[in-house]
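# Notes for the structure review
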Amino acid sequence: MAQNADGSPMTAEQKQPTVKMSARDLNLWYGDTQALYDINLDCYSREVTALIGPSGCGKSTFLRCLNRMNDLIPQVRLQGDVTLDGEDIYDHSVDVVQLRTFIGMVFQKPNPFPKSIYENIAYAPRLHGTGTSRSELDDLVESSLKRAGLWNEVADRLDTPGTELSGGQQQRLCIARAIAVNPEVILMDEPASALDPLATATVEALIHELKDNYTIVIVTHNLQQAARVAGYTAFFHMGKVVEFNDTDTLFTNPKEQRTEDYITGRFG
Ligand SMILES: Nc1ncnc2c1ncn2[C@@H]1O[C@H](COP(=O)(O)OP(=O)(O)OP(=O)(O)O)[C@@H](O)[C@H]1O
């Protein structure tokens, strides 16, 4: 049971999660083809929200709406609202480069820069002016690698190329790189699907730890993974959110037949 610091049980009001990001009546088209239909979904602060559903149902498209990555795809048209702390992220006044420092992203395939481990972390903070002196950058590199659970494995070889690390280490390096610019939200698009089971378990443990400080939204094909890491889960099908609930309820007591069919393996 959720408790207060003094051990007393939390009231329903205290347990109410805070909305960090929100989509309202969100529709998206690639050219003439509609990919998202009337999405209404909240992502709660300091929680992990999993997006599940069969291939092509719009999970990655929705994830990319949350930090305007779809802006980079020609022919994309979007209707509706996406907010961060109640502010419209599609407002004309929003600096998209800065927005993506608040809302970082980790991709399916680890994609470290072809630079040293140190430079992978230091590059963006230097660019954004958040770390200027060498000692500030040293501290930032160390703290980011520590938070991503990679420091002990790389502390003595910060000058070696990030691309020489194992796949799982590269993915944690990419997570450290996202953390280094001090984001509030981290979007993850199947972050463990290219990793072996051991590296997957390490990344999952890391996600679990990171949620104490960050809001995380993760796309996954792996239902067990959603059950392990996410407090909340949204089931997407054919561009729509069929059902959203806390993960335990969605997996054990789904309201919609389509959700039940999917989680019991009848399609997908
Ligand atoms: N860049 C693009 N241009 C045109 N159509 C696209 C583009 N990206 C995705 N789509 C289409 O949008 C729909 C949703 O795709 P999306 O990649 O968001 O689904 P997904 O649920 O993440 O799938 P998967 O699990 O296979 O990654 C699909 O029909 C897909 O073909």
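Everything here concerns the structure above.
Along each chain, residues carry numbers from 1 onward, in the same order as the chain's sequence is written. Totals for whole chains, interfaces and linings use every residue, but because this is a predicted model, local features are given only for residues with pLDDT of at least 70 and side-chain atom pairs only at 80 or more, for both listing and counting. Calculated side-chain values reflect all of the structure's heavy atoms, with hydrogen atoms and water omitted.

### Considerations on the sheet that holds strand 4 (residues 76-84)
Taken in spatial order, the 4 strands make up an open sheet running 2-1-4-5, and their pairing is antiparallel. Taken across any chain shown, the strands that pair with only one partner, and hence form the sheet edges, are strand 2 (33-44) and strand 5 (87-88). Strands qualify as paired when DSSP identifies two bridges or more between them. A helix here means a DSSP run of H or I that spans at least four residues, while a strand means a run of E at least two residues long, and both kinds are numbered starting from the N terminus. Strand direction decides the pairing type here: strand 1 (residues 19-30) and strand 2, joined by 8 bridges, are antiparallel. Residue pairing for strand 2: W29 is matched across the bridge by Q34.

### What about the packing of aromatic side chains?
Given two aromatic rings, one states the distance between the centres and the angle between the planes to describe the pair. Pairing of aromatic side chains requires ring centres within 6.5 Å, counting the rings of Phe and Tyr and the six-membered ring of Trp. Pairs whose planes differ by under 30 degrees are stacked, by over 60 edge-to-face, and all others tilted. Counted by the stated rule, this structure contains 6 aromatic pairs. Considering the side-chain rings of Y44 and Y232, the 4.7 Å spacing of their centres and the 70° angle between planes classify their relative orientation as edge-to-face. With Y44 in strand 2 and Y232 in strand 9 (residues 232-237), the pair connects residues that are 188 residues apart, well separated along the chain. Seen from their ring centres, Y44 and F244 are 6.2 Å apart, and the 50° between their planes marks the pair as tilted. Of this pair, Y44 sits in strand 2 while F244 is found in strand 10 (residues 240-246), placing the two residues 200 residues apart along the sequence. A connected cluster of aromatic rings, assembled from ring pairs, spans Y44, Y232 and F244. Both a distance and an angle decide whether a charge sits over a ring: NZ of Lys or CZ of Arg must be within 6 Å of the ring centre and within 35 degrees of the ring normal. The ring of W29 is capped by R77, whose NZ or CZ atom sits 4.1 Å from the centre of that ring. The lysine or arginine in question, R177, covers the ring of F113, its NZ or CZ lying 4.2 Å from the ring centre.

### Overview of the side chain of T49
Within the fold, T49 resides in strand 3 (residues 48-52). Two residues qualify as a contact provided that any one of their heavy atoms is within 4.5 Å of a heavy atom in the partner residue. Look past the residues within four positions of T49 in its chain and what remains in contact with it is C43, Y44, I216, V217, I218, A230, Y232 and F244.

### Notes on the nonpolar core
Side-chain atoms within 4.5 Å link the members of a nonpolar core, which is a set of buried Ala, Val, Leu, Ile, Met, Phe, Trp, Tyr and Cys residues. Partly exposed describes any residue whose relative accessible area lies between the buried limit of under 20% and the exposed limit of over 50%, with all areas from a 1.4 Å probe on protein chains only and scaled to the type maximum. Membership of the largest hydrophobic core comes to 44 residues, with the highest contact counts inside it found for I52, L145, I175, M188, I207, L210 and I216. Looking at this core, the element that brings in the most residues is helix 7 (residues 167-180), giving 6 residues. If sequence neighbours within four positions are ignored, L145 has contacts with I117, I121, L150, W151, V154, L158, L173 and A176. Of all hydrophobic cores here, the second largest spans 29 residues; its members include C43, M69, V82 and L84.

### Brief notes about the sheet that holds strand 3
Taken together, 6 strands build an open sheet; the order of strands is 6-7-8-3-9-10 and the sheet is mixed. Looking at the sheet topology across the chains shown, the edges are occupied by strand 6 (103-106) and strand 10. Going from strand to strand, the sheet's axes swing by 15° on average, the running direction of each strand aside. Here 4 bridges tie strand 6 to strand 7 (residues 185-189), and the two strands are oriented parallel to one another. Counterpart to M105 in the pairing with strand 7 is L187. Contacts from helix 7 reach strand 6 and strand 7 within the one sheet, and its direction differs from that of strand 6 by about 170°. On the sheet, helix 8 (residues 197-210) packs against strand 3, strand 7 and strand 8 (215-219) and is oriented at approximately 145° with respect to strand 8. Note on geometry: axes are C-alpha line fits, over the in-contact stretch for helices, and angles between N-to-C directions span 0 to 180 degrees.

### Section: the side chain of S22
Looking at the element boundaries, S22 is found in strand 1. A relative accessible area of 9% places S22 in the buried class. As used in this structure description, the phrase polar contact means that two N or O atoms lie within 3.5 Å; if the pair is within protein, one of them must be able to donate a hydrogen and the other to accept it, and residues adjacent in sequence are counted only when both atoms belong to side chains. Polar contacts involving the side chain of S22 include one to the side chain of D42, which spans 2.7 Å.

### A short note on the site of the ligand
What makes a residue near a molecule or strand is one non-hydrogen atom of that residue sitting within 4 Å of it. Around the ligand, the structure places 13 residues, and the nearest of them are S55, G56, K59, S60 and T61. Within the contact set of the ligand, an oxygen atom lies 3.1 Å away from a backbone nitrogen or oxygen of C57. At 2.8 Å, a side-chain N or O of K59 approaches an oxygen atom of the ligand. We get accessible surface area from the Shrake-Rupley algorithm with a probe of 1.4 Å; when it comes to residues, only the shown protein chains can shield them. Protein contact buries 59% of the 630 Å² of open area that the ligand shows by itself. Broken down by element, the residue count for the shell around the ligand peaks at 4 residues, all from helix 2 (residues 59-65). Residues are grouped as follows: nonpolar covers Ala, Val, Leu, Ile, Met, Phe, Trp, Tyr, Cys and Pro; charged covers Asp, Glu, Lys and Arg; every other residue, Gly included, is treated as polar. For the shell around the ligand, the residue count by class is 5 nonpolar, 6 polar and 2 charged.

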